[in-house]
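Each chain is listed here by its residues.
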Amino acid sequence: MNIPSNLKYTKDHEWVSLEGDIATVGITDFAQKELGDIVYVEVETLDQTLEQDEVFGTVEAVKTVSDLFLPLAGEIIEFNEELETNPENVNNDPYGKGWMVKVKVSDTSAFDSLLDSTAYRELIGA
């Protein structure tokens, strides 16, 4: 199970990296394995400002559709358009080509309250 130590995590299995006030968000290796083959990623919140834990999109796998929850409040400034034609990137490279959105974060101090890799590993029992 790949759980990079340089990222932060949520109990809903999203990962976050932060550079300045721009956060990159995706789903974890654990989440993509649980969902199975990803066939579609939908984000209709581009250019919207959302609160922490609000739904910013959905990910559709062969057997299920799951909501995506925003780990940090802010404005969705970019969607990974590559996922429109290659949603399998979420399965193949969840922490790289499989990123989903970039967010201009309202309060970067909230980043510190997210789970670190050790806490996330404990959450999923890895």
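This report concerns the structure included in the present document. Keep in mind that this is a model prediction, so the values were computed, not measured.

Calculation criteria
- Residues numbered from 1 in each chain as written.
- Predicted model: local features only at pLDDT ≥ 70, side-chain atom pairs only at ≥ 80, totals over all residues.
- Heavy atoms only, no water.
- Pairing = 2+ DSSP bridges.
- Helix = DSSP H or I, 4+ residues; strand = E, 2+ residues; numbered from the N terminus.
- Axes fitted to C-alpha atoms, helices over the stretch in contact; angles between N-to-C directions.
- Contact = heavy atoms within 4.5 Å.

The next subject is the pairing of strand S8 (residues 74–79). The pairing of strand S5 (residues 49–50) with S8 spans 2 bridges and is antiparallel. Across the sheet, the residue bridging to Thr49 is Glu75, located in S8. Bridge count for S8 against strand S9 (residues 101–105) is 5 bridges, and the pairing is antiparallel. Along S9, the bridge assignment pairs Gly74 with Val105.

Within the open sheet, the 3 strands sit side by side as S4-S6-S7. Their pairing is antiparallel. Strand pairing shows two members of the sheet lacking a second neighbour, strand S4 (38–42) and strand S7 (65–69), which therefore form its edges. Strand-to-strand twist of the sheet, defined as the mean angle between neighbouring strand axes without regard to direction, takes the value 25 degrees. With 4 bridges joining them, S4 and strand S6 (residues 55–61) adopt antiparallel strand pairing. Residue pairing in the sheet places Val41 in a bridge with Val59 of S6.

The next subject is the environment of Phe69. Within the fold, Phe69 resides in strand S7. Along the chain, Phe69 and Ala119 lie 50 residues apart, while their C-alpha atoms are 19 Å from each other. Sequence-distant contacts of Phe69, defined by excluding residues within four places in its chain, comprise Asp12, Glu14, Asp53, Glu54, Val55 and Phe56.

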